[in-house]
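Structure at a glance
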Amino acid sequence: GEQGVDAYMTKLLPIPGTYFIRMEDYYFTGSASHTYVMGVSVSSPCDIPESEPNENINEADSINSYGGSVCGEVSGNFDQDYYSFYAVAGELWTFNLDSWSYDSGMDAQLNLRDYTGTTLHSESVPNNGDPYFDYLILSSGTYYIEVEADGSFFNTSGPYILHGSYIDLLAP
């Protein structure tokens, strides 16, 4: 028979539970019955789940000092998620937030802060992109990465995966 177009979907589901997939004829262009093959793959892309409250540096969840991935969800312009990590001078840390990649719909911003809460770097991507940046640590200590909506009135909520990793530039 004639082959149709394959459909593919990736969705980040931040809360454990039962989910349903609905399949229907695209624009009702076919007959009442169709033969199809559907595959579902479930994985846990996160090393650490977000735990609330984590709205400021005093309540920050911890990211392992070797890096890792954390899953979370921002619920509007007034929700921020903070994660702490210890870094050593000479490490180049990379932060990558995936939200649009998983059809989240959140326009996100990442803010790197030092132990006093001072912003060292902010990154957001215009036009519905996911923020990504590298940062060279100049002084050993505790740092914080903040995930928040980018401040627009649209696309202010959604799940995300935050990836953090580093390489030691001073290692022999």
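In the block above lies the structure referred to throughout.
Structure report, in brief. Positions within a chain are numbered from 1, following the residues in the order the chain's sequence is written. pLDDT decides what is reported in this predicted model: residues at 70 or higher carry local features, side-chain atom pairs at 80 or more are listed and counted, and totals for whole chains, interfaces and linings draw on all residues regardless. Values shown for side chains rest on all heavy atoms present in the structure; no hydrogens or waters enter the calculation.

**Points about the overall build of the protein**
Helix numbering and strand numbering both begin at the N terminus, where a helix is a DSSP run of H or I of at least 4 residues and a strand a DSSP run of E of at least 2. Check the secondary structure of the protein and you find zero helices and ten strands. Counting from the amino terminus, the protein carries its helices and strands in the arrangement β-β-β-β-β-β-β-β-β-β. Categorising residues by exposure relies on relative accessible area from a 1.4 Å probe, with only protein chains included: less than 20% of the type maximum marks a residue as buried, more than 50% marks it as exposed, and the intermediate range marks it as partly exposed. Out of the 172 residues in the protein, the part that is buried amounts to 37%. The contacts in the protein between residues at least 6 apart in sequence include a share of 71% that link residues at least 24 apart. Note on areas: Shrake-Rupley with a 1.4 Å probe; residue coverage comes only from the protein chains shown. Just so you have it, the protein exposes about 11000 Å², and 54% of that area is on carbon and sulfur atoms. The contact definition used throughout considers only heavy atoms, calling two residues in contact when any of these lie within 4.5 Å.

**Some words on the sheet that holds strand S4 (residues 80-87)**
When DSSP finds at least two bridges between two strands, those strands are taken to pair. Strands sit in the order S2-S4-S9-S6-S7 across an open sheet of five strands; the sheet is mixed. The open sheet has two edge strands, strand S2 (61-62) and strand S7 (119-124), and neither has a second partner. In this structure, strand S6 (residues 108-113) lies alongside S7, joined through five bridges in antiparallel fashion. If you follow Asn 111 over to S7, its bridge partner there is Ser 122.

**Some thoughts on the pairing of strand S9 (residues 141-149)**
Burial analysis of S9 places eight of its nine residues in the buried class, the great majority of the element. One ladder, built from eight bridges, connects S4 with S9; its direction is antiparallel. Pairing of Ala 87 across the sheet is with Gly 141, part of S9. Alignment of S6 against S9, held across six bridges, turns out to be antiparallel. Pairing of Arg 113 across the sheet is with Tyr 144, part of S9.

**Notes on the pairing of strand S3 (residues 68-75)**
Of all eight residues in S3, six are buried, a share of seventy percent or more. Across eight bridges, S3 lies against strand S10 (residues 157-168) in antiparallel orientation. By the bridge assignment for S10, Val 74 is matched with Gly 158.

**Quick look at the sheet that holds strand S1 (residues 48-49)**
One open sheet holds the five strands; their spatial order is S1-S3-S10-S5-S8, and the pairing between them is mixed. The open sheet is flanked by S1 and strand S8 (132-136), the only strands paired with a single partner.

**A word on the side chain of Glu 91**
Along the polypeptide, Glu 91 turns up in strand S5 (residues 91-98). Here the side chain of Glu 91 touches Val 88 through a polar contact of 3.0 Å, landing on its backbone nitrogen. Excluding its chain neighbours within four sequence positions, the residues that come into contact with Glu 91 are Tyr 135, Leu 136, Ile 137, Tyr 166, Ile 167 and Asp 168. In protein, a polar contact requires one atom able to donate a hydrogen and another able to accept it; more generally it is a pair of N or O atoms within 3.5 Å, and residues adjacent in sequence count only if both atoms are side-chain atoms.

None of the figures reported here should be taken as evidence of function without further support.
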